[in-house]
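Structure at a glance
Each chain, written out:
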Amino acid sequence: MRNVDIGQAPEDLQREQPNWGLWLFGATLVTGILLVAAMLSPYIRHQFAVSLIRQTTPYTQLAFTRAVSLPVTVVRGEAVDVSFTITNNEGKPVAYRYLISSGSGSTLQSLSSSGRTVAAGATWEVDTSVVPKCAQSACRVQVSLPQQAESIDFMFESENTTKHK
Amino acid sequence: MLVLAIVVNIIVLENIDLPVVRPVLGFWFVLVLPSYLLFTTSVWRKCTPPERLGYSVAATIFLLMAAGLAVNEILPLVGVSRPLDADSILVTCDLINLALYALNIRYRDRSELGFSFAEVSKQEFRLLMTASLTVVLAVLGANRLNNGASGHVAMIALGTAVLVGFFSVRWMSYTRESIMLIVIYLTSLGLLLTTSLRGWYITGHDIQQEYQVFQLTEGHGHWSMAYDPGSYNACLSITILPTELGQILHVDSPYVYKLFFQLIFALTPILAYGIARRYFNRGISTLAVAYFVGFPTFFTDMPFLNRQEIAFLFVGAGVLAATNTVWSWRRRQVSLIVAGIGMEVSHYSTMYMFVGTLGIALLCSYALRIFIRSESKPERPHLRRGQRLRAYGLRNAVTFSLMFAFIAIVFGWGTLATKTTGQVLTTGGGALSSHSISLNLFGKAAISPEMALTELRDDTLKSRGSQAALYLPTSAVAAASTPVVDQPTTPLTTIGRAADSVGIPVVALNSLVRNFVAYGEQLFLGIGLVSLIVSRRRGQHLVGRQFFCLCIGSIGMVAANTVLPVVAADYGPLRAFQQGLLFFGPIIVIGSMIVFQPIGRYGARIATSALCLGFFLATSTVVPQLMGGNLAELNLNNAGLYYDLYYVSPQESSAKSWLGAQPNVFAYQIQASFLQEKFYFTDPFSANGYQAVTDAYPTLVLRDSWVILAPPTVGTNHAYTLTPANGALTEYKYPTGLLRQYKDVVYTNGKAVVYK
């Protein structure tokens with residue numbers, strides 16, 4: 001039994017073969033032009049790259065190391081442990097500089113800062129302590145990366161005993 | 001063949017990671033080879049190529065799921081704790097291939113099944129090249145968008161799809177049907193990939209939960225309802241099947257769905273063509289496929305509904321089996337039941353829809369017996385093919401006993417085996433009781449987004465009751481306003497501005513065209529249906545009674561999805577219409593031909609084709625994108641509703657990974673704005689079927705919870721929430737200052753922020 005229409009040419013029309021030579025010439029020409037253009041033009045190379053390969057999305061991660069146990073009360077005048085990580089996902093080594101500051105209102109006072117170059121894909125683990133300076137009992141400690149415009153923070157009450165969230 | 005199979009065995013057993021080679025060979029080994037072995041047997045003797053293809057691929061997928069389930073249940077009894085790891089799956093696939101090879105040797109079809117490429121005409125070659133170009137451009141276009149470049153290449157891909165559609169009709173006489181099937185496949189695949197390949201991570205709505213249950217199965221090397229009692233986990237198409245593919249192919253897991261499931265689903269339009277071809281000529285069937293793939297749900301939503309993609313394949317194969325002209329009545333029924341099992345284990349809702357369709361079709365067939373005279377021989381003078389002639393007088397395979405069999409399948413799998421039937425009904429009932437879906441189209445007054453948000457705010461504050469201390473202070477959240485925001489349209493392009501300058505209201509025109517397409521398809525369907533009924537009364541049968549009743553059944557289910565909340569909550573009219581197009585696509589074409597009948601037979605054909613193409617230009621958003629002033633679509637833009645809701649950036653993924661790595665993370669509720677499922681943990685170490693991410697609408701935020709904010713909230717402060725009052729998504733401005741006041745910012749990466 002011959003199946004319907006598989007490989008069967010329509011009966012009532014003359015069928016023309018493709019012009020293989022022309023197709024081959026056209027395909028070779030287009031490929032050649034694209035290759036030459038890619039070699040000569042950085043713009044074309046970039047267009048090829050964004051069409052074919054996943055490009056790196058540059059960003060930096062800033063996070064507290066122990067996010068669930070940040071202090072909620074702190075004895076006034078005593079040091080507070082601040083642990084955080086900076087992960088470099090920028091796709092290249094980056095010189096990071098962090099700033100730790102504190103305050104009770106919108107204006108914060110700088111407490112500590114440091115810097116280091118972090119390799120692409122690497123994480124800088126910072127474990128330090130600062131003595132917060134706050135005018136009121138409600139106090140905020142902020143860790144920021146000014147160059148990356150990123151910051152994390154936690155709030156606590158200045159008291160005489162220390163508890164954890 | 002044997003050598004390649006041995007190569008695959010060695011690659012998998014030695015766990016050799018060969019990019020491109022292993023996925024290609026693996027896909028061939030798991031799916032293409034068994035399908036080919038079945039395709040070339042005499043089991044499907046005398047069946048048309050689309051049927052053979054549908055039956056073979058559906059049977060292979062059925063075998064893979066069934067064998068995977070058997071291995072999953074049996075191997076643990078003999079001490080294998082991870083039965084779905086690569087080695088067990090490899091042996092399973094080897095056994096399937098060997099069995100099918102033996103079947104193929106014993107029952108090989110001696111008829112000519114191949115075709116010679118040397119015979120390809122120039123028109124066929126052009127069509128094949130353009131369709132292939134659609135696929136290539138779709139991939140490049142999606143990559144470019146993912147890398148932050150423009151959507152121009154993706155739009156050219158849609159443009160080439162339109163060209164393929166035009167020349168498929170124009171050159172029909174020069175094109176063999178077998179070539180047309182390849183063209184349909186490639187074009188459909190291109191359309192699907194423009195959406196499915198968006199994003200480097202899992203992008204989309206349902207696919208987030210589909211991916212989670214896939215990862216649960218792959219992570220455990222075992223499928224069990226105990227890992228997640230939800231209805232998603234009951235679908236073998238998104239648990240066992242992707243695990244089998246993933247273990248052999250060894251690709252980045254999201255690409256099992258983003259690429260390989262689309263390679264499978266792109267076969268469904270071929271089945272739609274096969275169904276239409278039972279009763280109609282090539283022209284009508286080709287246009288019916290154009291309506292099927294041109295319907296927006298096909299390429300904007302189906303790539304996010306992988307379980308339904310597989311289930312649709314069974315629907316197509318089932319309908320082809322039910323209307324098969326060379327099989328006995330009993331064989332058609334048994335085949336339909338097997339397809340029903342495939343449907344049920346693939347996607348429960350598709351099965352319910354199909355059972356509803358069969359039920360209405362059965363009632364319809366009884367009604368026809370009463371009101372319309374019995375079948376007479378078709379009087380259409382131009383009918384030539386014997387198979388098409390036989391299709392009109394087929395004995396109805398849909399009977400009460402078949403219905404009972406289908407209900408038994410639903411009961412067996414949904415109720416007894418996975419205990420998920422009740423959940424689906426609860427979802428619908430919940431939607432009804434929460435008034436999230438109106439009982440009918442016209443009965444409920446429209447509720448503005450502002451009113452809906454106010455109602456949400458009031459209701460959630462009231463529902464706090466004695467647990468108010470767990471939430472952010474009532475006084476603070478009550479004072480934080482959440483004004484409604486409108487989704488912006490894309491800016492006018494040069495063409496759009498030129499049109500606007502001569503007085504053409506582009507934005508209004510886009511809206512008008514959208515409505516025209518939506519109502520136009522319904523109108524043509526209605527006209528087509530009436531013409532079928534009239535012709536039946538005159539004793540002329542454009543389609544057989546069985547198929548006619550199935551069309552009525554599918555239309556009935558679309559209607560049910562529009563007006564019945566219990567059904568709509570779980571499926572929705574658009575998905576129902578997409579499923580219905582498998583049946584009534586050709587009827588829409590007939591309806592439009594009747595509308596254009598006054599301009600003559602030839603003119604009507606041209607106008608019908610032009611209209612279909614015009615519909616596709618509008619629904620694919622090629623024209624609106626060229627003009628601007630339209631809601632941005634995900635496959636063409638890095639903007640718009642779907643982009644805001646479903647696109648996952650690397651920063652969001654990193655934020656989720658960081659949160660997942662926190663000790664005892666589930667001790668606190670995780671909250672986010674819609675789509676919350678985007679933040680389900682999916683890596684093998686933290687995937688948890690019991691994880692819930694709740695809405696972060698200000699009145700719902702808990703004091704101790706984790707709150708993840710991501711784009712568009714980070715950046716524009718816009719967020720989304722489901723407002724039960726109008727059953728819709730409402731976009732609003734998020735008061736981030738509230739979170740800063742009461743919570744710590746514990747993580748940031750510039751685009752995603754986690755509060756605690």
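Our structure's up above, just so we're on the same page.
The notes below deal with the structure included here. (Residues numbered from 1 in each chain as written. Chains lettered and ligands numbered in written order. Predicted model: local features only at pLDDT ≥ 70, side-chain atom pairs only at ≥ 80, totals over all residues. Heavy atoms only, no water.)

**Digging into the side chain of Glu177(B)**
Here is the rule: A run of H or I in DSSP becomes a helix once it reaches four residues, and a run of E becomes a strand once it reaches two; helices and strands are each numbered from the N terminus. Throughout, exposure labels follow a simple rule: accessible area from a 1.4 Å probe, protein chains only, divided by the maximum for the residue type, with under 20% read as buried, over 50% as exposed, and the rest as partly exposed.
Along the chain, Glu177(B) turns up in helix α7 (residues 177–196). You can call Glu177(B) buried: its relative accessible area is 8%.

**Examining the state of the cysteines**
The line we're drawing: Two cysteine sulfur atoms form a disulfide, by the criterion used here, when they sit within 2.5 Å.
For the structure on display, the rule yields one disulfide over all chains. Across the disulfide from Cys134(A) sits Cys139(A); the S-S distance is 1.6 Å. Summarising the burial analysis for this pair, Cys134(A) and Cys139(A) share the class buried. Free of any disulfide, Cys612(B) has its nearest cysteine sulfur in Cys551(B), 17 Å distant. Judged by its relative accessible area of 5%, Cys612(B) is buried.

**Observations concerning the environment of Ile89(B)**
Residues and elements named next belong to chain B. Put simply, the rule is: Residue contacts are counted whenever heavy atoms from the two residues lie within 4.5 Å of one another.
Relative to the helices and strands, Ile89 resides in helix α4 (residues 86–106). According to the relative accessible area criterion, Ile89 is buried, its value standing at 2%. Sequence separation of Ile89 and Leu245 is 156 residues, and the distance between their C-alpha atoms is 9.0 Å. With near-sequence residues (within four places) excluded, Ile89 lies in contact with Leu84, Thr243, Glu244, Gln247 and Ile248.

**Some words on the nonpolar core**
Convention followed: Nonpolar cores were defined as sets of buried Ala, Val, Leu, Ile, Met, Phe, Trp, Tyr and Cys residues, with membership established by side-chain atoms within 4.5 Å.
Phe29(B), Ile61(B), Ile248(B), Phe354(B) and Phe583(B) are the most contacted members of the largest nonpolar core, which has 173 residues in total. Broken down by element, this core gets its largest block of residues, 11 residues, from α7(B). Among the nonpolar cores identified, the runner-up in size contains 63 residues, and Val94(A), Phe156(A), Leu472(B) and Val754(B) belong to it.

**Comments concerning the pairing of strand β8 (residues 150–159) of chain A**
Residues and elements named next belong to chain A. Put simply, the test is: In this description, strands pair whenever DSSP reports at least two bridges between them.
Pairing of strand β2 (residues 73–75) with β8 involves three bridges; the strand directions are parallel. Each bridged residue has a counterpart across the sheet, and for Thr73 the counterpart in β8 is Glu157. Relative to β8, strand β7 (residues 138–145) runs antiparallel, the two being bridged by eight bridges. Counterpart to Val143 in the pairing with β8 is Ile152. Counted along the chain from β7 to the antiparallel partner β8, the turn is four residues long, and its residue Ala149 has a positive phi close to 55 degrees.

**Let's talk about the packing of aromatic side chains**
Working definition: an aromatic ring pair is given by the centre-to-centre distance plus the angle between the planes. Residue and element names in this part refer to chain B. Basically, it comes down to this: Between the rings of Phe, Tyr and Trp (Trp by its six-membered ring), a pair exists once the centres lie within 6.5 Å; its type follows the angle of the planes, with under 30 degrees stacked, over 60 edge-to-face, and the other angles tilted. Working rule: Lys NZ or Arg CZ, within 6 Å of ring centre, within 35 degrees of ring normal, means a charge sits over the ring.
On inspection of all chains with the given rule, the structure shows 40 aromatic pairs over all chains. Considering the side-chain rings of Phe62 and Phe314, the 6.5 Å spacing of their centres and the 75 degrees angle between planes classify their relative orientation as edge-to-face. Taken together, the positions of Phe62 in helix α3 (residues 49–74) and Phe314 in helix α14 (residues 306–322) put the pair 252 residues apart, joining distant regions of the chain. For Phe314, a relative accessible area of 2% puts it in the buried group. Here a set of aromatic residues connected by ring pairs shows up, and it is made of Tyr211, Phe214, Tyr257 and Phe261. Just above the ring of Tyr366 sits the side chain of Arg369; from NZ or CZ to the centre is 4.9 Å.

**Comments concerning the environment of Gln522(B)**
By the element assignment, Gln522(B) lies in helix α23 (residues 506–537). Each C-alpha atom, one on Gln522(B) and one on Gly591(B), is 9.7 Å from the other, the two residues being 69 residues apart in sequence.

**Brief notes about the interface of chain B and chain A**
Applied cut-off: Each of two parts loses accessible area, computed with a 1.4 Å probe, when they are put together; buried area is these two losses added. Salt bridge, as used here, is a side-chain nitrogen of Lys or Arg placed within 4 Å of a carboxyl oxygen of Asp or Glu. Between N or O atoms, a polar contact is any pair within 3.5 Å; within protein, one atom must be a potential hydrogen donor and the other a potential acceptor, and residues adjacent in sequence are included only when both atoms are from side chains.
The partner chain A presents 46 residues to the 54 residues of chain B that form the contact. Interface area, chain B with chain A, both sides summed: about 4,400 Å², of which 53% is carbon and sulfur. Linking chain B to chain A there are two salt bridges. Between the two partners, chain B and chain A, sit 17 residue pairs in polar contact (both at pLDDT 80 or more). When residues of the side of chain B that touches chain A are traced back to their parent elements, those giving at least two are α3, α5 (122–146), α7, α30 (650–660), α32 (736–742) and β6 (745–748) of chain B. Top contributing element to the side of chain B that touches chain A by residue count: α5(B), with eight residues. Judged from the two bridges that link them, strand β1 (residues 59–64) of chain A and β6(B) form a sheet pairing that is antiparallel. The residue of β6(B) that forms the bridge with Leu62(A) is Thr748(B).

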